Amino acid sequence: MENGMSSTGDAQLDQSIRQWLQYDKNPKTKSMVQDMVKEGNKEALKKCFSSRMEFGTAGLRAAMGPGISCMNDLTIIQTTQGFCCYLEQSIGNLKERGVVIGYDARAHPPSGGSSKRFASLAAAVFISRGVPVHLFSDITPTPFVPFTVSHLGLCAGIMVTASHNPKQDNGYKVYWENGAQIVTPHDKGISKAIMENLEPWPESWNTEEALKSTLLKDPYQDINTEYFKAIQKHCHHREINKKSEVKIVHTSVHGVGHTFVQSAFKAFDLRPPYAVEEQKDPDPEFPTVKYPNPEEGEGVLTLSFALAEKEGASVVLANDPDADRLAIAEKQESGQWRVFSGNELGALLGWWIFRCWREQNSDAAAVKNLYMLSSTVSSKILRAIALKEGFHFEETLTGFKWMGNRARDLSDQDKTVLFAFEEAIGYMCSPSVLDKDGVSAAAIAGEMISFLATKKISLSQQLTTIYEEYGYHISKNSYFICHDQAVIRSLFERLRNYGGTKDSYPTECGRFAIDAVRDLTTGYDSNQPDKKAVLPTSSSSQMITFTFSNGGVATMRTSGTEPKIKYYTELCAPPGNSDVPHLKKELDDLVDAIIENFFEPDKNKLQPKPQ
């Protein structure tokens, strides 16, 4: 290679490195790459340059650092140039309407990367093409970006965040003009445009000029006001909230959520939650937690429980670092804390939001216009509530991009989408944000808790009441870690050619008979007359759902962002069957059979979820 640099012996890799050194203007990442080349560190160079981050429907998610496989100044510029070109081709009035860009508090000092820096570079790219940019002047929750797209009628939104990923990661999440995350084929179109615009445009690095441009606006104050005004439509018990004595603890887990959840409680006239002091300010190091993911349960909530004990609070609310998800825990009579699963919270919030709606709508026919949504790997509890109460329930593929887009389609047909959720503690409680939103969900949960407290009912008791009325739905979800794509492929292929017979799925799993199989990788569904799945299929990810004759449903799927094979299982009992220990044992036995017969962890060398 030039500059007296040795070659790696791989022409494509050398070309990639050469191009990088020519294009990169960030002194930190540039010198990191130069050092690797000088030292002849082939392994490190391969890691950074052998494959470019793939732009998918979730945008980008990768570690911050040098090279085309990481999040850094240059890859952000390249991605944004591609996205900008794609928008120019797709939307005629882009230069009149513009885009919004938000960011969280992540930073990676060694490579000089941070969410704020990446957001300024993205803004510079759009401004260099004459596109108006609404760039938030400070950190915001992820839901503020889709809210702004819808509220201001913009062409697109970008949120720079890695949500609850480890601290070294960052991400680039994209919303379309309809206010929902992009779906296929936009990702393919953007991906192609990125590859056609790898060389930085002359003004793309010039953030200083961009930040002075008349095309740049700061939506922070306006959106802060408008968002909290919009969510007040979902406040139905203001008088109860004002008088409530309920004590609630809130943690934002070193992320952006603190001030916004305080404001949401204020908008509902709820008493402010006690903030976990050590975790309330944004800190990209996430010093008090191993993983900044409230889904991991108790470990992340240790400090919250301690504060709750000190203040005599009975409920803990926790947001993930970009505040689009919400976990809830409640102190039980035994003194133990119960962390609710996403499915249990989906049942509670779905019940509550429908109850509030019914109180305000006496017209019996109006219920026919109502919809609730959940993803196919989430609990079927909303289906049971919908059947009994007369509203519509629909299932979508996994991920809020599907629910957000479906919600938009339904609202365009003058239908009301009251609520959507997924088991990964994501809830959409207001149509003003077509994505999961942990801020509005926190306030709505606060009101539900205050209302139940006036009747001396705990969340756990209310959950039992819901299950008694609509049927118990007991779920058990987990995952195995597997870094070997070939093993993952063969595990799923074995299920498609079971017992060595081509295109033949299992008819039983241990002692459990299988009634139906749906494979959304191949598009097969044994329940449909033509054997074709109704939901969209994707050959690039693995996903098979088994329905068992005992009322069990199990889905096995790969994760789009992590090296995991996940499983989601649920036993749906009809109303009246409330022998919970028996139902739990039946589900445990079913899960054991699935692990033993379908995952074969010993043979496939799968690592279980860390305890």
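Anything mentioned here points back to the structure above.
Residues numbered from 1 in each chain as written. Predicted model: local features only at pLDDT ≥ 70, side-chain atom pairs only at ≥ 80, totals over all residues. Heavy atoms only, no water.

### Looking at helix H10 (residues 220-231)
- In this model, H10 (12 residues) spans 17 Å end to end at C-alpha, consistent with the 16 Å of a helix rising 1.5 Å per residue.
- Every buried residue belonging to H10 is among Tyr220, Ile223, Asn224, Tyr227, Phe228, Ala230 and Ile231, and all of these are buried. Looking straight down H10, one finds its buried side chains confined to an arc of 155°; they lie on one side.
- Contact partners of the buried residues in H10: helix H7 (144-152), helix H12 (257-267) and helix H17 (438-454). (Helix = DSSP H or I, 4+ residues; strand = E, 2+ residues; numbered from the N terminus. Expected span 1.5 Å × (residues − 1). Buried < 20%, exposed > 50% of the residue type's maximum accessible area, 1.4 Å probe, protein only. Arc of directions from axis to C-beta. Contact = heavy atoms within 4.5 Å.)

### A word on the side chain of histidine 186
- Relative to the assigned elements, histidine 186 resides in helix H8 (residues 186-195).
- Only 2.8 Å separates the side chain of histidine 186 from the side chain of tyrosine 86, close enough to count as a polar contact.
- Not counting chain neighbours up to four residues away, the residues in contact with histidine 186 comprise Tyr86 and Trp176. (Polar contact = N/O pair within 3.5 Å; in protein donor to acceptor, adjacent residues only side chain to side chain.)

### Structural notes on the packing of aromatic side chains
- For the coordinates displayed, the defined rule picks out 22 aromatic pairs.
- Their ring planes at 70° and their centres at 6.2 Å tell us that phenylalanine 144 and phenylalanine 228 sit as a pair that is edge-to-face. On the criterion of sequence distance, the pair formed by phenylalanine 144 in helix H7 and phenylalanine 228 in helix H10 is long-range, its members being 84 residues apart.
- For the ring pair phenylalanine 546 and phenylalanine 598, a centre distance of 4.9 Å and an interplane angle of 40° mean the geometry is tilted. (Phe/Tyr/Trp six-rings, centres within 6.5 Å; stacked < 30°, edge-to-face > 60°.)

### Focus on the nonpolar core
- Counting 180 residues, the largest nonpolar core has Phe83, Phe126, Phe419, Tyr427 and Phe599 as its most contacted members.
- Setting aside anything within four residues of it in sequence, one finds phenylalanine 599 in contact with Phe480, Leu491, Met556, Ile565, Lys566, Tyr567, Ile594, Asn604 and Leu606. (Core = buried A, V, L, I, M, F, W, Y, C linked by side-chain atoms within 4.5 Å.)

### A short note on the sheet that holds strand S15 (residues 392-396)
- Here 4 strands make up an open sheet; going across it, the order is S15-S14-S16-S17 and the pairing mixed. The two strands at the open ends of the sheet, each matched to only one other strand, are S15 and strand S17 (426-428). Each adjacent strand pair in this sheet contributes to an overall mean axis angle of 15°, direction not counted.
- As defined by bridge partners, strand S14 (residues 370-375) adjoins S15 across 5 bridges and the pair is classed as parallel. From the neighbouring strand, tyrosine 371 faces S15, where its bridge partner is histidine 392.
- Contacting S14, strand S16 (416-422) and S17, helix H14 (residues 342-360) runs over the sheet at an angle of about 165° to S16.
- Against the sheet, helix H15 (residues 381-389) engages S14, S15 and S16, with an angle of about 160° to S15. (Pairing = 2+ DSSP bridges. Axes fitted to C-alpha atoms, helices over the stretch in contact; angles between N-to-C directions.)

### Regarding the layout of surface pockets
- As a volume, the second largest pocket reaches approximately 350 Å³.
- Elements represented by at least two residues in the lining of the second largest pocket include exactly strand S20 (512-519) and strand S22 (543-548).
- When the residues that make up the lining of the second largest pocket are grouped by side-chain class, the tally is 5 nonpolar, 5 polar and 5 charged.
- Taken domain by domain, the makeup of the lining of the second largest pocket includes at least three residues from each of domain 2 (234-470) and domain 3 (472-608). (1 Å grid on protein atoms, 1.4 Å probe; cavity = no way out; pocket = protein on both sides within 12 Å on 5 of 7 lines; lining within 4 Å. Points joined across faces, edges and corners; volume = space filled by probe spheres on them. Nonpolar A, V, L, I, M, F, W, Y, C, P; charged D, E, K, R; others polar. Domains from an automatic or database assignment.)

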